[in-house]
Amino acid sequence: PSLPPGLPPLIAPIPAGGPPPALSSMAALGALAVADRPIPTRELRLTNLLSAAVLADAAEYEECVEDIKGAVEEHGAVAAFHCPKEGEPDAGTCFVRYEQIASAVKAYEALNGRDFDGNTVHASFLPPGTILG
């Protein structure tokens, strides 16, 4: 069926041979739209903060963890904070649960990509309920 003269088409015409494979469904289009945007939660994982040398030195580890805790508290009230030590699972990773999602988003934006003691911090949101305590 054709449109009355003067009205624009509601969707772009599909090129001969069909749409590009990556865009062949609305689900694929939706996946592309959110692939680069993490879904915010109150919980963050911070990696690449503590080197093996820091983990091996108890005094330096404690000092760095206090610095990290201070940095995360700058963005809002913290409900839980944990940085496993050497020998524990996930050693060197810090886990933070904020009271508010807005605080976690602020922390993510401020800390992700930041330099900490010569390391580039990687922040990621965790599913709700991941961090206990």
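Predicted model only: the values in this text are computed from it and were never measured.

A few words on unusual backbone geometry. Despite not being glycine, Asn48 shows a phi value in the positive range, around 65°. Examined against the element boundaries, Asn48 turns out to sit in the loop between β1 (43-47) and α2 (52-56). Of the residues examined, Asn48 reaches a relative accessible area of 37% and is grouped as partly exposed.

Let us now look at the state of the cysteines. Tallying each qualifying case throughout the model produces one disulfide. Covalent S-S linkage joins Cys83 and Cys94, the inter-sulfur distance amounting to 2.0 Å. For the disulfide bridge between Cys83 and Cys94, the dihedral angle about the S-S bond is near 115°, and by the sign convention the bridge is right-handed. Linking Cys83 in the loop between β2 (78-82) and β3 (94-98) with Cys94 in strand β3, this pair joins segments that are eleven residues apart in sequence. In this structure, Cys83 and Cys94 share a single accessibility class: buried. Cys64 takes part in no disulfide bond, and the closest cysteine sulfur to it belongs to Cys94, at a distance of 9.6 Å.

Next up on the list: a negative patch on the surface. Among the surface-exposed residues, Asp57, Glu60, Glu63, Glu66, Asp67, Glu73, Asp115 and Asp117 lie close enough to one another that they form a single negatively charged patch. Considering every element that reaches the negative patch, the biggest residue donor is helix α3 (residues 58-73), with five residues. For Asp117, the position within the fold is in the loop between β4 (115-116) and β5 (119-120). With relative accessibility at 53%, the residue Asp117 sits in the exposed group.

Rules used in this analysis
- Residues numbered from 1 in each chain as written.
- Predicted model: local features only at pLDDT ≥ 70, side-chain atom pairs only at ≥ 80, totals over all residues.
- Heavy atoms only, no water.
- Helix = DSSP H or I, 4+ residues; strand = E, 2+ residues; numbered from the N terminus.
- Buried < 20%, exposed > 50% of the residue type's maximum accessible area, 1.4 Å probe, protein only.
- Disulfide = S-S within 2.5 Å.
- Patch = residues over 30% accessible without salt bridge, like charges linked within 9 Å, V, L, I, M, F, W, Y side chains within 5 Å.
- Areas by Shrake-Rupley, 256 points an atom, 1.4 Å probe, with all protein chains shown as cover.
- Salt bridge = Lys/Arg side-chain N within 4 Å of Asp/Glu carboxyl O.
- Lys, Arg positive; Asp, Glu negative; His and termini not counted.
- Charge placed at Lys NZ, Arg CZ, Asp CG, Glu CD.

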